[in-house]
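One-letter residues, chain by chain:
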Amino acid sequence: MISKAASNTVALVSWATVAVLVFDGFLSGILSVFFLPTYVGSVQFPISALLGGIANVALVLAARKVAERPIWVASPLIGWFAAVVLCMFGGPGNDVLLLADWRTMLLIVAGAGPAGVLLFMFRMKAITASVRADPHSGARPRSSSESAVR
């Protein structure tokens, strides 16, 4: 059996790891925004939207290894989204990093979409596993005498 001190140490390391993953998500969001207006020759090529989506999936998978609650698993994606929203506001000289453009929508959809679908799949798997584990916890079927209209 694990002692209380060892258990506290494991919990502290888990919290620290999640905090680093949230920072990584925030940093990934800022880098995705900075590299969004990338050009290949004279053609707009927003590869950072795709790379942001891949990074978010990796960060969510890493958070799932150390955290159990769904909000902590989703926290790197929340950090990424906070960075993207922060970049939408104007700076000191009213400089805006994200404009009303198709690339901004692509960044949000391609960056948060795959990780959001992954989080949805994790949650549905947990819900179906809990229903399979205890099938009698839900509503019970009514007998014919209970459902009769009086």
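**Student:** Would you explain the overall build of the chain in this entry?
**Tutor:** Looking only at helices and strands, the chain has five helices and two strands in total. Start at the N end of the chain and walk to the C end: the helices and strands fall as α-β-β-α-α-α-α. For the chain, buried positions account for 25% of its 150 residues. Counting contacts in the chain only where the partners sit at least 6 residues apart, residues at least 24 apart contribute 72% of the total. Taken as a whole, the chain presents about 10,400 Å² of accessible surface, with 70% of it coming from carbon and sulfur.

**Student:** How should helix α5 (residues 102-133) be read in this particular structure?
**Tutor:** Residue pairs spaced three or four apart in an α-helix point in one direction, given the helix's 3.6 residues per turn. The end-to-end C-alpha distance of α5, which contains 32 residues, comes to 45 Å, matching closely the 46 Å that a straight helix rising 1.5 Å per residue would cover. Along α5, the largest kink reaches about 35 degrees and is centred on Gly113; proline Pro114 follows within four residues of it. Taken as a whole, α5 has its buried residues at Arg103, Thr104, Leu107, Gly111, Ala115, Leu118, Leu119 and Phe122.

**Student:** Would you explain the nonpolar core in this entry?
**Tutor:** By size, the foremost hydrophobic cluster in this structure holds 18 residues, and its most contacted members are Val33, Val60, Leu77, Val84, Leu98, Leu107 and Leu119. Taken together, the elements giving at least two residues each to this core come down to α1 (4-34), α2 (47-66), α4 (75-88) and α5. The greatest single-element share of this core, amounting to five residues, is contributed by α5. Apart from residues lying up to four places away in sequence, Leu98 is in contact with Val33, Leu36, Val84, Cys87, Met88, Thr104 and Leu107.

**Student:** Where do I start with unusual backbone geometry in this structure?
**Tutor:** Glycine aside, residues mostly have negative phi angles, and peptide bonds mostly take the trans form. For Asn94, which is not glycine, the phi dihedral falls at a positive 60 degrees. With relative accessibility at 66%, the residue Asn94 sits in the exposed group.

**Student:** It is not clear to me how the side chain of Ser48 should be interpreted in this structure. Could you clarify?
**Tutor:** Position of Ser48 among the secondary structure elements: in helix α2. One polar contact links the side chain of Ser48 to the main-chain carbonyl oxygen of Ser32, over a distance of 2.8 Å. If we skip the residues at most four places from it in the chain, Ser48 touches Ser32, Phe35, Leu36 and Leu107.

**Student:** Could you clarify how one ought to interpret the packing of α2 against α5 in this entry?
**Tutor:** How two helices sit against one another is set out by the angle between their axes and by the gap between those axes. Relative orientation of the contacting elements α2 and α5 amounts to 25 degrees, with a least axis distance of 7 Å. For the element pair α2 / α5, the angle class is roughly parallel. As α2 runs across α5, the sense of the crossing is right-handed. Packed against α2, whose contacting residues are Ser48, Ala49, Gly52, Gly53, Asn56, Val57, Val60, Leu61 and Arg64, the element α5 presents Leu106, Leu107, Ala110, Gly111, Ala112, Pro114, Ala115, Leu118, Leu119 and Phe122 at the interface. Tallied by class, residues from the contact of α2 with α5 come to 13 nonpolar, five polar and one charged.

**Student:** Even after reading the chapter, I still don't get the layout of surface pockets, so can you show me in this structure?
**Tutor:** It is a probe the size of a water molecule, rolled over the atoms, that shows where empty space is left. The computed volume of the largest pocket comes to approximately 240 Å³. The wall of the largest pocket is formed by Ala11, Ser14, Trp15, Val18, Val66, Ala67, Glu68, Arg69 and Trp72. It is α1 that provides the largest number of residues to the lining of the largest pocket, a total of four residues. A class-by-class count of the residues in the lining of the largest pocket yields six nonpolar, one polar and two charged.

**Student:** What is the right way to read the packing of α2 against α4 from this model?
**Tutor:** With their axes 8 Å apart at the nearest point, α2 and α4 run at an angle of 145 degrees to one another. Side by side, α2 and α4 meet where Asn56, Leu59, Val60 and Ala63 of the first sit next to Pro76, Leu77 and Trp80 of the second. Its residues assigned to classes, the contact of α2 with α4 shows six nonpolar, one polar and no charged.

About the criteria used
Residues numbered from 1 in each chain as written. Predicted model: local features only at pLDDT ≥ 70, side-chain atom pairs only at ≥ 80, totals over all residues. Heavy atoms only, no water. Helix = DSSP H or I, 4+ residues; strand = E, 2+ residues; numbered from the N terminus. Buried < 20%, exposed > 50% of the residue type's maximum accessible area, 1.4 Å probe, protein only. Contact = heavy atoms within 4.5 Å. Areas by Shrake-Rupley, 256 points an atom, 1.4 Å probe, with all protein chains shown as cover. Expected span 1.5 Å × (residues − 1). Bend = angle between axes of the 7 residues up to and from the residue. Core = buried A, V, L, I, M, F, W, Y, C linked by side-chain atoms within 4.5 Å. Polar contact = N/O pair within 3.5 Å; in protein donor to acceptor, adjacent residues only side chain to side chain. Axes fitted to C-alpha atoms, helices over the stretch in contact; angles between N-to-C directions. Parallel < 35°, antiparallel > 145°, perpendicular 65-115°, else oblique. Left-handed = near helix turned anticlockwise from the far one by under 90°. Nonpolar A, V, L, I, M, F, W, Y, C, P; charged D, E, K, R; others polar. 1 Å grid on protein atoms, 1.4 Å probe; cavity = no way out; pocket = protein on both sides within 12 Å on 5 of 7 lines; lining within 4 Å. Points joined across faces, edges and corners; volume = space filled by probe spheres on them.

Interpretation in functional terms is not warranted from these geometric data alone.
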